[in-house]
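# Commentary on secondary and tertiary structure
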Amino acid sequence: MSIIKELFIVSIIFINAFFFVCCSSSSGSLRYDDKETNVIEKEKSGRYESNNISQSDDSTLIFDDEDVPEFQDPSDLPEDEAKIDLTSVLKKLENSTSGSDKEAILSSKKELMLMEIIRYLNTPYKYGGNSLNGIDCSAFTQNVYRDSWLLDLNRSARDQYQQGIVIEDRSDLKFGDLVFFNTRRRVKPGHVGIYIGDNLFAHASSKLGVTISSLEHVYYNKRYMGGRRIEEE
């Protein structure tokens with residue numbers, strides 16, 4: 001009877017020892033797994049945060065000039081521009097009509113383009129946009145040329161700068177000429193508009209939307225790069 005009792009006690013001790021070892025190993029494994037998971041999560045979080053920093057601080061980003069997205073290098077256009085009254089511009093265009101067929105055709109072309117410009121006035125600025133819901137500067141010039149004069153312009157201001165005839169002197173600008181400005185740090189030109197006479201030009205401003213501005217404004221006068229005349233082939 002004592003032998004059976006001793007065997008029973010030994011069995012109890014063995015079973016307790018077995019469960020103790022297993023539980024200790026299991027809990028250690030769980031603690032290790034938790035720790036490892038925390039480390040992995042922290043590394044993921046760290047990588048995510050560092051990515052955010054590199055994206056928000058564009059001084060750490062390296063772009064080729066041809067690949068710089070405009071939203072990473074926006075045109076810093078002025079906000080304090082005087083509103084231009086188009087009434088006087090329209091009157092001058094009406095008075096420019098004369099008896100010759102050539103001048104009548106030119107006047108008609110002016111009216112077509114001006115009507116298209118007026119249609120877009122106050123359209124909000126939108127990078128990459130090309131409609132009345134939102135438009136950027138080069139899409140504005142592209143759409144106006146296409147829908148009024150049936151002429152095709154390249155999509156970007158930089159590419160439009162390579163088109164047409166170079167206008168060296170600002171005093172030689174005519175209605176419909178493209179005018180370009182150095183408004184961005186990495187890409188030149190960074191902005192484009194359409195000259196409409198009297199030192200005025202129409203453009204899609206990132207601050208004001210589609211508007212009329214003066215070349216005599218201090219900002220535009222300082223950053224003016226030149227003009228291009230797009231003619232029918």
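Only a predicted model underlies this, so the values are computations on that prediction, with no experimental measurement involved.

Along the polypeptide, Gln142 turns up in helix α4 (residues 137–149). A polar atom in the side chain of Gln142 sits 3.0 Å from the backbone oxygen of Leu153. Discounting chain neighbours no more than four positions away, the residues touching Gln142 are Leu153, Asn154, Arg155 and Gln160.

For the rest of this paragraph, the subject is the pattern of salt bridges. Enumeration according to the criterion identifies four salt bridges in this entry. Here Glu116 and Arg119 are joined by a salt bridge, their closest N and O atoms 2.6 Å apart. Residue Glu116 and its partner Arg119 are both found in helix α3 (residues 101–120); the two are separated by three residues, about one turn of the helix. On the accessibility criterion, Arg119 (42% relative accessible area) is partly exposed. Across the salt bridge formed by Asp177 and Arg229, the nearest N and O atoms sit 2.8 Å from each other. With Asp177 in the loop between β3 (165–167) and β4 (178–181) and Arg229 in strand β8 (residues 224–229), this pair connects stretches of sequence that are 52 residues apart. Under the relative-accessibility criterion, Arg229 is labelled buried at 18%.

A few words now on the environment of Ile167. Following the sequence through the fold, Ile167 ends up in strand β3. On the accessibility criterion, Ile167 (7% relative accessible area) is buried. Note: C-alpha distance between Ile167 and Val179 (12 residues apart in sequence) is 9.2 Å.

Sheets are built from strands that pair by backbone hydrogen bonding, the pairs being arranged parallel or antiparallel. Pairing is antiparallel across the open sheet formed by six strands, whose spatial order is β3-β8-β4-β5-β6-β7. Across the chains shown, the open sheet's two edge strands, defined by having one partner strand only, are β3 and β7 (209–214). When strand polarity is set aside, the average angle formed by the axes of neighbouring strands in this sheet is 35 degrees. When β4 meets strand β5 (residues 191–197), the two strands line up antiparallel, connected through four bridges. The partner of Phe180 across the bridge, within β5, is Val192. In the packing of α4 onto the sheet, contacts are made with β4, β5, β6 (200–205) and β7, and the angle to β5 comes to roughly 45 degrees.

Quick look at the pairing of β5 now. With seven of its seven residues buried, β5 lies for the most part within the structure. Across three bridges, β5 lies against β6 in antiparallel orientation. Paired with Ile194 across the strands is Ala202, a residue of β6. Counted between consecutive antiparallel strands, the loop separating β5 from β6 contains two residues, among which Asp198 sits at a positive phi close to 55 degrees.

This part takes up the packing of aromatic side chains. Enumeration over the complete set of coordinates arrives at eight aromatic pairs. With a centroid separation of 5.9 Å and 80 degrees between ring planes, the pair formed by Tyr120 and Phe140 is classed as edge-to-face. In this pair, Tyr120 is assigned in helix α3 and Phe140 in helix α4, connecting sequence segments 20 residues apart. Given a relative accessible area of 4%, Tyr120 falls into the buried group. Ring geometry for Phe201 against Tyr220: centres 5.0 Å apart, planes inclined by 80 degrees, an arrangement best described as edge-to-face. Remark: Tyr220 occurs in helix α6 (residues 218–223) and Phe201 occurs in strand β6; sequence separation between them is 19 residues. Across the pair, Tyr220 and Phe201 agree in class, each one buried. Joined through ring pairs, the aromatic side chains of Phe181, Phe201, Tyr219, Tyr220 and Tyr224 make up one cluster. Over the ring of Tyr224 we find Arg170; its NZ or CZ atom is 4.4 Å from the centre of that ring.

Calculation criteria
Residues numbered from 1 in each chain as written. Predicted model: local features only at pLDDT ≥ 70, side-chain atom pairs only at ≥ 80, totals over all residues. Heavy atoms only, no water. Helix = DSSP H or I, 4+ residues; strand = E, 2+ residues; numbered from the N terminus. Polar contact = N/O pair within 3.5 Å; in protein donor to acceptor, adjacent residues only side chain to side chain. Contact = heavy atoms within 4.5 Å. Salt bridge = Lys/Arg side-chain N within 4 Å of Asp/Glu carboxyl O. Buried < 20%, exposed > 50% of the residue type's maximum accessible area, 1.4 Å probe, protein only. Pairing = 2+ DSSP bridges. Axes fitted to C-alpha atoms, helices over the stretch in contact; angles between N-to-C directions. Phe/Tyr/Trp six-rings, centres within 6.5 Å; stacked < 30°, edge-to-face > 60°. Lys NZ or Arg CZ within 6 Å of the ring centre and 35° of its normal.

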